Structures are given as structure tokens and as C-alpha cells.
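# An overview of the molecular structure
Given next are the chains, with one letter for each unit.
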Amino acid sequence: MDLLLAAAGLAALFFGGDRFVGGSVAIARRFNVSPMVIGLTLVGFGTSLPELVTSLRAAEQGVPGIALGNVVGSNIANILLILGLAALLSPIAVDRIGFRRDGAWLMAATLSALFLAFVPVMGRGLGLAFVAGLAAFLIASFRSGAAPEEAPETDAKLPRAAFDTALGLGLTIAGAVMLVQGATGIARGLGVPETVIGLTLVAVGTSLPELVTSVVAARKGQAEIAFGNVIGSNIFNLFGILGATALYKPLPIDPGIASRDIWVMLAATVALVAVAFAAGRIGRIAGGAALVVYVGYCAAIS
């Protein structure tokens, strides 16, 4: 039953995230919002929605290891697994000028998470500070790309887009509930620590929207969309999801995540920023190396 719940939850998250992103983008375009801003904010938020509802549900059910492990594990998977796969399919060109701003926000969010390595509990005060960081990021993004870069899709069917958005949200919430229940049952049944399940099964499961979006974009020769999706999602995961979860319920910090996984996330982020700036692209060799590192990381924590 736990396996069925987890599988059903992953499926609902997959389809719900896809519907939510599609509907949200259609609504944004209908109201003349810049495609650049859509990718960095709406798509980033939409593909991070599973992580949000999963972490909130895990905190409510008293499994903080899954709540925190989900966010940290998702960010690691986004960089090493998702960008690695996307780069293998199609090398990713990086706009150094644009990435100077977005990369700075990504580093700021990741460095902020280092506070969690030195505190026993992420309280509401720290959660509020993280949410304020997300608000600042959104304001900066909209100010930098407020002008539309292409004609809006005036023929977009607004009612259909609104329906897709609502349906996607509902499926995502239902999927998160089932995934947390199933994953927790699996962890307890096998004697596996909840943090390991959160860092692997739940993290990859809630990253499926990012995975689908990035791989499809890469296959269509638009690998830069995959890059922007991951950057935006990681910022939302840290500032938005951790902040909102701590505001909802103070989040105990698992010592294992504080001493190991947060630092792995920092190392992966620094490596991404360094490669992007130094080479101006993420090629197949870097993508393959990222996948190898991710497999080694999963083996090490199992």
C-alpha cells in the first residue's frame, strides 16, 4: 500500500505540475508578461510547487527530515541530475550578463541556507527572513524584465488556462499528501532514516516537473530554458519553501543534513556558477560528470 501511495503521489505530482506550469504560462502571456520573467519566476515557482506542498505536509505530519531533505535533495538533484541530463542532450549556452544577476541570487539563497547548519531549529523569524528574500528576488526579476520580448498570445483561452492552473494545483496537493504518506511508510518499514528518503525518493519525485520541463526543452534545442528553470526553482526552493515551511511550523534541523547535505548543495551550486562563468556553457562532459557525482552521492547516503 505504501508503494502504491508513493507511486500514485509521484504520478499526480508529475501531471499536476505540468498542468500548473502550462496554465500559469498561458495566463502570464495573456497579460503581456515578459517570457524571460515567466521562465524565471512563474515556471520556477510552478515546478517548485510539489516541493512546497510536500514540505508543508511533511512538517504538519511531524517528519521534518523529509521536509528539509526534500528541499536540499531537490536542489542537489536539479543541478547534478536534471542539468546533467539536459546538458547531455544539448549543451547549454549561458548568457554571462544575465547570469551575473541570477547567479548572484542563487548564491545568496544557497549561502543563506548555511545558517541552518549552525542552528538546531529554523524558527519563524528565520523563515520570515527567507520569505523576504524571495520577495526581493521577485521584485528584482520583474523590474529587470518587465517589457515583453514578443507579442502576447492574445488568442490564449483564459478560462482553459485558469482551469489547467486550478487542476494542476489540486493534483499537486493530492500528490504531495500521497507521496509523503507512502514515503514515510516505506522508510519506517525498511528501517531507512526519513532524511535519506527525503533526500532521494521524495526529492527526485518532487523534481519531476523540473526534469520534464528541462529534458523537453533540451530536446527541442532550447536548453537555455532548462538552465533558467533550474536556477529559478532552486531559488524558490530555498527562499520560498523553507521560509514558508518554517513560518507554518518551526523546522528542526537534522544533524546529518546540516553536516553533510547542505554542504553538498553548496559545492554543487558553486561548481555550477564557476563552470557557467568560466566556460560560458555547460557541455556534455560537464553534464556527464554531474550525473556521475549524483550517482555517487546517492550511493554514499544510502
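Residues numbered from 1 in each chain as written. Predicted model: local features only at pLDDT ≥ 70, side-chain atom pairs only at ≥ 80, totals over all residues. Heavy atoms only, no water.

### Focus on the overall build of the protein
- Secondary structure assignment for the protein yields 11 helices and four strands.
- Rg of the C-alpha trace for the protein: 18 Å, near the compact-globule value of 19 Å for 302 residues, within the 12% margin.
- Along the first, second and third principal axes, the C-alpha set of the protein runs to 55 × 45 × 40 Å.
- By residue count, 52% of the 302 residues in the protein fall in the buried class.
- Here the analysis covers contacts within the protein between residues at least 6 apart in sequence; of these, 89% occur between residues at least 24 apart.
- A total accessible area of about 12,400 Å² is found for the protein, and carbon and sulfur atoms account for 70% of it.
- In the protein, 18 side chains carry a positive charge and 16 a negative one; their mean positions are 2 Å apart. (Helix = DSSP H or I, 4+ residues; strand = E, 2+ residues; numbered from the N terminus. Rg over C-alpha atoms; globule rule 2.2 N^0.38 Å. Buried < 20%, exposed > 50% of the residue type's maximum accessible area, 1.4 Å probe, protein only. Contact = heavy atoms within 4.5 Å. Areas by Shrake-Rupley, 256 points an atom, 1.4 Å probe, with all protein chains shown as cover. Lys, Arg positive; Asp, Glu negative; His and termini not counted. Charge placed at Lys NZ, Arg CZ, Asp CG, Glu CD.)

### Quick word on the environment of Glu194
- Note on placement: Glu194 falls in helix H7 (residues 194-206).
- Measuring from C-alpha to C-alpha, the distance between Glu194 and Leu81 comes to 21 Å, with 113 residues separating the pair along the chain.

### Considerations on helix H10 (residues 255-279)
- For H10, which comprises 25 residues, the first-to-last C-alpha distance of 36 Å matches the rise-based estimate of 36 Å (1.5 Å per residue) to within 8%.
- Most pronounced at Asp261, the bend in H10 amounts to some 30 degrees.
- Turning to H10, its buried residues are Ile257, Ala258, Asp261, Ile262, Met265, Leu266, Ala268, Thr269, Leu272, Val273 and Ala276.
- Of the residues that open H10, the one with a side-chain oxygen 2.9 Å from the backbone nitrogen of Gly256 is Asp254.
- Gly280, located one to two residues past H10, shows a positive phi value of around 70 degrees. (Expected span 1.5 Å × (residues − 1). Bend = angle between axes of the 7 residues up to and from the residue. Polar contact = N/O pair within 3.5 Å; in protein donor to acceptor, adjacent residues only side chain to side chain.)

### What about the confidence of the model for the protein?
- In the predicted model, the protein carries a mean pLDDT of 84, and the fraction of residues at 70 or more is 91%.
- In the model, residues 146-155 has pLDDT below 50 throughout and makes 13 contacts with residues more than four positions away in sequence or in other chains. (pLDDT = per-residue confidence, 0-100.)

### Quick look at the packing of aromatic side chains
- Throughout the structure, instances matching the rule amount to seven aromatic pairs.
- Taken together, a centroid distance of 5.2 Å and an interplanar angle of 45 degrees make the contact between Phe99 and Phe277 tilted. Taken together, the residues span a long stretch of sequence, with Phe99 in helix H4 (residues 96-113) and Phe277 in helix H10 at a distance of 178 residues.
- With a centroid separation of 6.3 Å and 85 degrees between ring planes, the pair formed by Phe118 and Trp263 is classed as edge-to-face. With a gap of 145 residues between them, Phe118 in the loop between H4 and strand E2 (121-122) and Trp263 in helix H10 connect regions that are remote in the sequence.
- Overall, the relative accessible area of 63% leaves Phe118 in the exposed class.
- Taken together, the ring pairs connect Phe99, Phe227 and Phe277 into an aromatic cluster. (Phe/Tyr/Trp six-rings, centres within 6.5 Å; stacked < 30°, edge-to-face > 60°.)

### Digging into the pattern of salt bridges
- Following the criterion strictly, the structure yields five salt bridges and no others.
- Across the salt bridge formed by Arg101 and Asp102, the nearest N and O atoms sit 3.1 Å from each other.
- The class of Arg101 is partly exposed, set by a relative accessible area of 28%.
- A relative accessible area of 13% means that Asp102 is categorised as buried.
- Arg260 is the salt-bridge partner of Asp261, the closest N and O atoms lying 3.0 Å from each other.
- Here the salt bridges do not stand alone but share partners, grouping Arg19, Arg160 and Asp164 into one network. (Salt bridge = Lys/Arg side-chain N within 4 Å of Asp/Glu carboxyl O.)

### Notes on the side chain of Thr245
- Mapped onto the elements, Thr245 comes out in helix H9 (residues 223-248).
- Classification of Thr245 as buried rests on a relative accessible area of 1%.
- For Thr245, the residues in contact, after removing those within four places along its chain, are Ser55, Leu56, Ala59 and Leu251.

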